[in-house]
Amino acid sequence: MLALVAGADPFATLGLIVKGAAGSKFALLETLNRATPLIFTGLAVAVAFRARLWNIGAEAQLYAGAVVTVLLGTGALPLPSALLIPVIALAAALAGALVLLGPVLLKTRLGVDEVVTTLLFNFIMLLFVSWLLEGPLKDPMGMGWPKSPALEKAARLPRIVEGLRLHWGFALGLLSAVAVWVVQTRTTLGYEIRAVGLNAEAARFAGIPVGRVMVKTALLSGGLAALAGFSEVAGLKGNLTLDLSPGFGYTGIIVAMLALLNPLGVVVSAVFVAGVFVGADSMSRAAGVPTYIADILTATALLAMVLAIRLTRTRVRWR
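Right, let's walk through the structure included here. Worth saying up front: this structure is predicted, and the values here are computed from it rather than measured.

1. Some thoughts on the overall build of the protein chain
Thinking step 1. When its secondary structure is counted, the protein chain shows 13 helices and zero strands.
Thinking step 2. Taken from the N to the C terminus, the helices and strands of the protein chain come in the order α-α-α-α-α-α-α-α-α-α-α-α-α.
Thinking step 3. Computed over the C-alpha atoms, the radius of gyration of the protein chain is 21 Å, within 12% of the 20 Å expected from 2.2 N^0.38 for a compact globule of 319 residues.
Thinking step 4. Principal axes of the C-alpha set define a box for the protein chain whose edges measure 65 × 55 × 35 Å.
Thinking step 5. Counting all 319 residues of the protein chain, 47% fall into the buried class.

2. Some words on the layout of surface pockets
Thinking step 1. The calculated volume of the largest pocket comes to roughly 460 Å³.
Thinking step 2. Lining of the largest pocket is provided by 15 residues; of these, M257, L260, L261, I309 and R313 occupy positions nearest its centre.
Thinking step 3. Secondary-structure elements contributing two or more residues to the lining of the largest pocket are α3 (25–50), α8 (188–198) and α13 (293–312).
Thinking step 4. Per-element accounting of the lining of the largest pocket gives the leading share, five residues, to α13.
Thinking step 5. Partitioning the lining of the largest pocket into residue classes produces 10 nonpolar, one polar and four charged.
Thinking step 6. Estimates place the volume of the second largest pocket at around 210 Å³.
Thinking step 7. As for the second largest pocket, its lining consists of 13 residues, and the residues nearest its centre are G20, F26, V278, S282 and R285.
Thinking step 8. Looking at the lining of the second largest pocket, the elements that each hand over two or more residues are α2 (10–22), α3 and α12 (263–287).
Thinking step 9. When its residues are assigned to classes, the lining of the second largest pocket shows three nonpolar, four polar and six charged.

3. A closer look at the pattern of salt bridges
Thinking step 1. Enumeration according to the criterion identifies five salt bridges in this entry.
Thinking step 2. Between E114 and K107 there is a salt bridge, with its nearest N and O atoms 3.2 Å apart.
Thinking step 3. Among the ionic pairs, E134 bridges to K138, the shortest N-O distance being 3.7 Å.
Thinking step 4. The class of K138 is partly exposed, set by a relative accessible area of 28%.

4. Some remarks on α13
Thinking step 1. The end-to-end C-alpha separation of α13 is 28 Å, in line with the 28 Å expected for 20 residues at 1.5 Å each.
Thinking step 2. Along α13, the residues that are buried comprise I293, A294 and T298. Down the axis of α13, the sector holding all buried residues measures 140°, keeping them to one side. For α13, the exposed residues lying more than 90 degrees away from the buried face are L303, R310 and L311.

5. Notes on the packing of aromatic side chains
Thinking step 1. In total, this model carries two aromatic pairs according to the counting rule given.
Thinking step 2. Ring centres 4.9 Å apart and planes at 75° place the aromatic pair F49 and W54 in the edge-to-face group.
Thinking step 3. On the basis of relative accessible area, F49 is assigned to the buried category, the value being 10%.

Parameters at a glance
- Residues numbered from 1 in each chain as written.
- Predicted model: local features only at pLDDT ≥ 70, side-chain atom pairs only at ≥ 80, totals over all residues.
- Heavy atoms only, no water.
- Helix = DSSP H or I, 4+ residues; strand = E, 2+ residues; numbered from the N terminus.
- Rg over C-alpha atoms; globule rule 2.2 N^0.38 Å.
- Buried < 20%, exposed > 50% of the residue type's maximum accessible area, 1.4 Å probe, protein only.
- 1 Å grid on protein atoms, 1.4 Å probe; cavity = no way out; pocket = protein on both sides within 12 Å on 5 of 7 lines; lining within 4 Å.
- Points joined across faces, edges and corners; volume = space filled by probe spheres on them.
- Nonpolar A, V, L, I, M, F, W, Y, C, P; charged D, E, K, R; others polar.
- Salt bridge = Lys/Arg side-chain N within 4 Å of Asp/Glu carboxyl O.
- Expected span 1.5 Å × (residues − 1).
- Arc of directions from axis to C-beta.
- Phe/Tyr/Trp six-rings, centres within 6.5 Å; stacked < 30°, edge-to-face > 60°.

The following block contains the structure:
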């Protein structure tokens with residue numbers, strides 16, 4: 001219908017989206033490349049939401065990881081690449097974890113709504129990054145553009161396929177998904193997270209330290225979101241700019257919900273959402289249909305998922 005309004009054949013438009021997302025080696029790898037940050041932010045949201053910690057601030061945590069990546073990857077640590085990259089990744093994850101630690105402590109200690117605090121942190125972090133790029137982190141060789149200096153070669157993630165943009169951040173995302181699945185299904189922490197998410201009062205009555213579990217969940221969630229910033233800077237962009245993320249933190253919420261908060265499902269969901277956006281970009285150039293159709297498609301998919309879940313929990317009786 002939307003394609004018809006734009007004056008295009010809807011079936012041809014759909015075919016162009018599929019072709020643009022997976023119709024060639026280049027298209028498929030570009031889809032996987034776009035899916036990489038969505039895997040991390042989707043995992044961050046899935047972990048937090050499982051414990052009913054409504055983390056809407058993955059965008060802030062992503063930028064925190066990106067800032068630390070630039071600070072440590074531009075000559076601050078004289079280490080070989082084999083050591084430098086893991087150190088930067090861990091430091092970036094720690095930065096993202098600390099960004100979410102504040103809102104969760106406000107929630108557990110003072111009862112402050114984390115939806116508000118995490119959402120506001122997104123704008124605070126963007127303003128902070130803007131100040132950094134206009135001041136301490138501004139590239140003196142950037143011809144006035146607000147961007148950071150480029151990372152050293154030793155701090156860059158290598159490409160999986162030479163000559164194309166897909167980098168080893170995607171593999172790190174897959175490993176992270178498996179690790180989160182193991183934590184959620186095979187560890188005591190995973191059991192506690194599920195218990196707190198199902199009923200915090202019952203979990204507290206059973207002896208589970210709810211506040212401590214929420215803090216651990218926040219540290220894990222914030223660290224995962226920060227790895228999205230690390231992978232984008234170290235694997236793709238090479239430096240920090242204010243438009244590093246076109247909304248990966250918010251899109252991660254859609255990814256997590258489409259996956260029903262399942263860590264392994266997040267990978268599939270992220271690839272699907274990335275494919276829609278990559279395919280829509282290609283389709284727009286070929287058919288002249290605005291790329292905003294990708295936002296509508298993902299929103300429709302989410303609404304369909306919510307409706308399906310609702311129907312599975314509703315018993316319909318015919319009289």
